[in-house]
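Secondary and tertiary structure notes
What follows is the residue order along each chain.
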Amino acid sequence: MKFLSALVVVATLAAKVSAHYVWPQLIVGGSNTSAWQYVRQTNNWQDLNPMLDVTSTDVRCYTSLESGTSSTISVAAGSTVGFTISGNPSNLYHPGMAKAPSATDVASWDGSGTVWFKIYEIPAIADGVTITFPATGLSEIEFTIPSSLPSGQYLIRTEHIALHSASYYGGAQFYIACAQVQVTNGGSGTPSPLVAFPGAYTGNEPGILINIYYPIPTSYAQPGPPVWPASGSGGAAPPTSTITTSPITTTTKQITTTTTKATSTTSSSTGSSTGTTVPEFGQCGGQSYTGSTVCAAPFTCKVTNREATYSSHAVFVLH
Ligand SMILES: *[C@@H]1O[C@H](CO)[C@@H](O)[C@H](O)[C@H]1NC(C)=O
């Protein structure tokens, strides 16, 4: 039996609480197919919640609680397919693939074994000063089925990793789905390297267990194998609508100082200071906050939006 697989990775940013989402529709020939028609209905199809345990079999297709059946659609090697994103906001996405063993109908295949390979990825970009998430804001992601991929039935697995709470083990959020395709007009390539799900990740990878806030990472390493084929001919170009703003929004909080000259003495006020100073990275303001708003020198108080979601996306294909 021959196994091939592929995977695609993307990185994105979204609002924390509302960023949960699913990948219900496969995009074929530029058109959205119906929800859960070719994509296996995932456990989170209603609650949109992420998968958190990379050692679970749910890291494969996230379908352990569902028994719905999906159809298989023909797609030509070399053509572009994709997944839509449904949720609020709909702005995160990633895909991947694996080939069903010979004589096995992909519709009844679980994707087990060391059979997955990555075909596309959109990683986060970090340089120690800023970290950006190019997949942010996308409502769908499209990628190319490598033209050298052998014909046959495959699962296409999309994976998005939200990194906003990834600084502790198990904090990274995985959004996963698998679609069933029949690849036609294929080539004679040999996808590699192959990985298994679970197995590909321990959860300790620097791209999964990562503090994206401080210090800003000097680089971002997308977890999993490299993209096949290495030339990158199998993947679509990265999205052009790259968001390059810093993911952490900061605005300066002004400390009001007033001076009165009613008498010969000058007095000043520094807001609601309690007389103590706030150390670096301490809280210095916010709703219902009653503590000191005076920072220890040389720091200044800034409003930091920690509600943002930062994530990474990948597509795997299994043959
Ligand atoms: C396909 O679905 C995406 C995501 O919901 C949506 O943004 C896009 O407009 C849809 N395309 C068409 C042609 O309906």
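The residue numbers shown here count from 1 along each chain, following its written sequence. In keeping with the predicted nature of the model, local features appear solely for residues at pLDDT of at least 70, side-chain atom pairs appear and are counted solely at 80 or more, and the whole-chain, interface and lining totals rest on all residues. By convention in this description, side-chain values take in all heavy atoms of the structure and omit both hydrogens and water.

An unreviewed UniProt entry lists the protein under the name lytic cellulose monooxygenase (C4-dehydrogenating), with Mycena alexandri as the source organism. UniProt positions are given in the numbering used here, feature names are shortened, and annotations may be inferred rather than shown by experiment. In its Subcellular location (unreviewed entry) section, UniProt records this for the protein: "Secreted". Under the UniProt heading Catalytic activity (unreviewed entry), the entry covering the protein gives this text: "[(1->4)-beta-D-glucosyl]n+m + reduced acceptor + O2 = 4-dehydro-beta-D-glucosyl-[(1->4)-beta-D-glucosyl]n-1 + [(1->4)-beta-D-glucosyl]m + acceptor + H2O."

What follows concerns the overall build of the protein. Put simply, DSSP H or I for four residues or longer makes a helix, DSSP E for two residues or longer makes a strand, and each gets a number counted from the N terminus. Across its full length, the protein holds one helix and 17 strands. Think of it in three bands: residues with accessible area under 20% of the maximum for their type are buried, residues over 50% are exposed, and the middle band is partly exposed, with areas taken using a 1.4 Å probe on protein chains only. Here the protein holds 319 residues, and 49% of them are scored as buried. Contacts in the protein between residues far apart in sequence, at least 24 positions, make up 80% of those at least 6 positions apart. Summed over all atoms, the accessible surface of the protein reaches about 13,900 Å², with 51% contributed by carbon and sulfur. In this description, contact between two residues means that some pair of their heavy atoms is separated by no more than 4.5 Å. We get accessible surface area from the Shrake-Rupley algorithm with a probe of 1.4 Å; when it comes to residues, only the shown protein chains can shield them.

As a further point, take the packing of aromatic side chains. Note on ring pairs: Phe, Tyr and Trp rings are taken, using the six-membered ring of Trp, and paired if centres are within 6.5 Å. Classes follow the plane angle, with under 30 degrees stacked, over 60 edge-to-face and the rest tilted. Here the structure, examined in full by the defined rule, presents eight aromatic pairs. Taking 4.4 Å as the distance between ring centres and 75° as the angle between the ring planes, the aromatic pair formed by Tyr 21 and Trp 23 counts as edge-to-face. Neither Tyr 21 nor Trp 23 differs from the other in exposure class; each is buried. Ring geometry for Phe 117 and Trp 228: centres 5.5 Å apart, planes at 85°, overall edge-to-face. Of this pair, Phe 117 sits in strand 9 (residues 116-122) while Trp 228 sits in the loop between strand 14 (173-184) and strand 15 (250-252); the two residues are 111 residues apart in sequence, bridging distant segments of the chain. A relative accessible area of 0% places Phe 117 in the buried class.

Our focus in this paragraph is the site of the ligand. Any residue with a heavy atom lying within 4 Å of a molecule or strand is counted as near it. Neighbouring the ligand are Asn 32, Thr 84, Ser 139 and Glu 140. Asn 32 has a polar side-chain atom sitting 2.4 Å from an oxygen atom of the ligand. Just so you know the grouping, Ala, Val, Leu, Ile, Met, Phe, Trp, Tyr, Cys and Pro go in nonpolar, Asp, Glu, Lys and Arg go in charged, and all remaining residues, Gly too, go in polar. Of the residues in the shell around the ligand, the class split is no nonpolar, three polar and one charged. Each polar contact in these results corresponds to two N or O atoms within 3.5 Å; when the atoms are within protein, one needs to be able to donate a hydrogen and the other to accept it, and residues that are neighboring in sequence are counted only if both atoms are side-chain atoms.

By this definition, two strands are paired if DSSP reports at least two bridges between them. Spatially, the four strands line up as an open sheet ordered 4-3-6-12, and their pairing is antiparallel. Each edge of the open sheet is held by one strand with a lone partner, namely strand 4 (31-32) and strand 12 (140-144). With three bridges joining them, strand 3 (residues 26-28) and strand 6 (residues 80-84) adopt antiparallel strand pairing. Residue Leu 26 lies in a different strand from strand 6, and its bridge partner there is Phe 83.

Moving on, we get to unusual backbone geometry. Cis geometry is found at the peptide bond from Ser 192 to Pro 193, where omega equals -10°. Among the structural elements, Pro 193 can be located in the loop between strand 14 and strand 15. Omega for the peptide link from Trp 228 to Pro 229 comes to -5°, which places this bond in the cis form. Positioned with a positive phi, Asn 185 is a non-glycine residue whose angle comes to about 55°.

The subject of this paragraph is the state of the cysteines. Any two cysteine sulfur atoms lying within 2.5 Å of each other are counted as a disulfide. One pass over the structure, following the stated rule, counts one disulfide. Note that Cys 61 is cross-linked by a disulfide to Cys 178, the S-S spacing being 2.0 Å. Sign of the S-S torsion, about -85° for the bond between Cys 61 and Cys 178, identifies this disulfide as left-handed. Placement of the pair is Cys 61 in helix 1 (residues 58-61) and Cys 178 in strand 14, with a sequence separation of 117 residues. Given the relative accessible area of 0%, Cys 178 is considered buried.

Quick look at the confidence of the model for the protein now. Summing up the model confidence of the protein, the mean pLDDT is 74 and the portion of residues at 70 or higher is 64%. Confidence scores per residue from the predictor, reported as pLDDT, run from 0 to 100. Taking the mean pLDDT of every element in the protein, the minimum, 24, falls on strand 15 and the maximum, 97, on strand 5 (residues 73-76). Counting interchain partners and residues more than four positions distant, the pLDDT-below-50 stretch residues 233-274 has 73 contacts.

The next subject is the environment of Ser 79. Relative to the elements of secondary structure, Ser 79 occurs in the loop between strand 5 and strand 6. Between the C-alpha atom of Ser 79 and that of Ser 147, which follows or precedes it by 68 residues, the distance is 7.7 Å. Once residues lying within four places of it in the same chain are set aside, the contact partners of Ser 79 are Phe 143, Thr 144 and Ile 145.

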